[in-house]
Amino acid sequence: EVQLVESGGGLVQPGGSLRLSCAASGFTFSSYWMSWVRQTPGKGLEWVANIKQDGSEKYYVHSVKGRFTISRDNAKSSLYLQMNSLRAEDTAVYFCARAASSSWFHWGQGTLVTVSS
Amino acid sequence: QSALTQPASVSGSPGQSITISCTGTSSDVGSYNLVSWYQQHPGKAPKLMIYEVSKWPSGVSNRFSGSKSGTTASLTISGLQAEDEADYYCCSYAGSNTYVFGTGTKVTVL
């Protein structure tokens, strides 16, 4: 069974940093593109970033470019999102998701990031 | 990149059919047959219902069907059931390895 478990969320002040992790199991992690998708409280979904199987390609939504970095460790079956210079508008639940056919077939339960002073 | 446009809410009675629209532009929905649909119940993670416009993931009921015409994609739920009450989001590939979601639609079963 595919499992994706996010961790690392919490309360951080504006301008601060946070690193999210996603532990994957139940599939060959190194064979899939992986993504982060976020959902602001009471609002919609937003794709944040994608990373290729070997980490050689990374793509970001415009609003996080230069502030967020997606990475992965295939030996540990883990996905990461380093978030710097956090803003109030980054407050959201962050989901880790496995990508295929330009869609996300499997999702984690999400981790809440709150940016507030 | 602006969010794809969906109606805020759609409702129907049990057994009826409803359709949710998802309007984009020639840069996303209109250019690629890579539209997906997600169902989300409160406090839960999204669940993929349709991918590549009209394909079903394993385990998803064929009461859900997808289509696309021009810059508008649609999700139809046939034989509406109480368990279908949820939020639904469309998503489209937007080129250059980027994606854009829809604004979301709350489906209410009357």
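Calculation rules
- Residues numbered from 1 in each chain as written.
- Chains lettered and ligands numbered in written order.
- Predicted model: local features only at pLDDT ≥ 70, side-chain atom pairs only at ≥ 80, totals over all residues.
- Heavy atoms only, no water.
- Pairing = 2+ DSSP bridges.
- Helix = DSSP H or I, 4+ residues; strand = E, 2+ residues; numbered from the N terminus.
- Axes fitted to C-alpha atoms, helices over the stretch in contact; angles between N-to-C directions.
- Buried < 20%, exposed > 50% of the residue type's maximum accessible area, 1.4 Å probe, protein only.
- Contact = heavy atoms within 4.5 Å.
- Disulfide = S-S within 2.5 Å.

Moving on to the sheet that holds strand β5 (residues 64–69) of chain B. Residues and elements named next belong to chain B. Reading across the sheet, the 3 strands line up as β2-β6-β5 and stay open at both edges, with antiparallel pairing between neighbours. Two strands lie at the open edges of the sheet, namely β2 (18–23) and β5, each paired on one side alone. The sheet shows a mean angle of 20 degrees between the axes of neighbouring strands, taken without regard to direction. Strand direction decides the pairing type here: β2 and strand β6 (residues 72–77), joined by 6 bridges, are antiparallel. The residue bridging Cys 22 from the neighbouring strand is Ala 73, located in β6.

Attention shifts here to the side chain of Arg 67 of chain A. Residue and element names in this part refer to chain A. Mapping Arg 67 onto the fold places it in the loop between β6 (58–60) and β7 (68–73). When its relative accessible area of 8% is taken as the criterion, Arg 67 is described as buried. For Arg 67, the contacting residues outside a window of four places in its chain are Gln 82, Met 83, Asn 84, Ser 85, Leu 86, Arg 87 and Asp 90.

Turning our eyes to something else, we now look at the state of the cysteines. By the definition in use, this model includes 2 disulfides over all chains. Each sulfur of the disulfide joining Cys 22 of chain A and Cys 96 of chain A lies 2.0 Å from the other. Linking Cys 22 of chain A and Cys 96 of chain A, the disulfide has an S-S dihedral of approximately -65 degrees and is accordingly described as left-handed. Placement of the pair is Cys 22 of chain A in strand β3 (residues 18–25) and Cys 96 of chain A in strand β9 (residues 92–100), with a sequence separation of 74 residues. No difference in accessibility class separates Cys 22 of chain A from Cys 96 of chain A, as the two residues are buried. Between Cys 91 of chain B, a cysteine without a disulfide, and Cys 90 of chain B, which holds the nearest cysteine sulfur, the sulfur-to-sulfur distance is 7.5 Å. Accessibility expressed as a relative area gives 1% for Cys 91 of chain B, which makes it buried.

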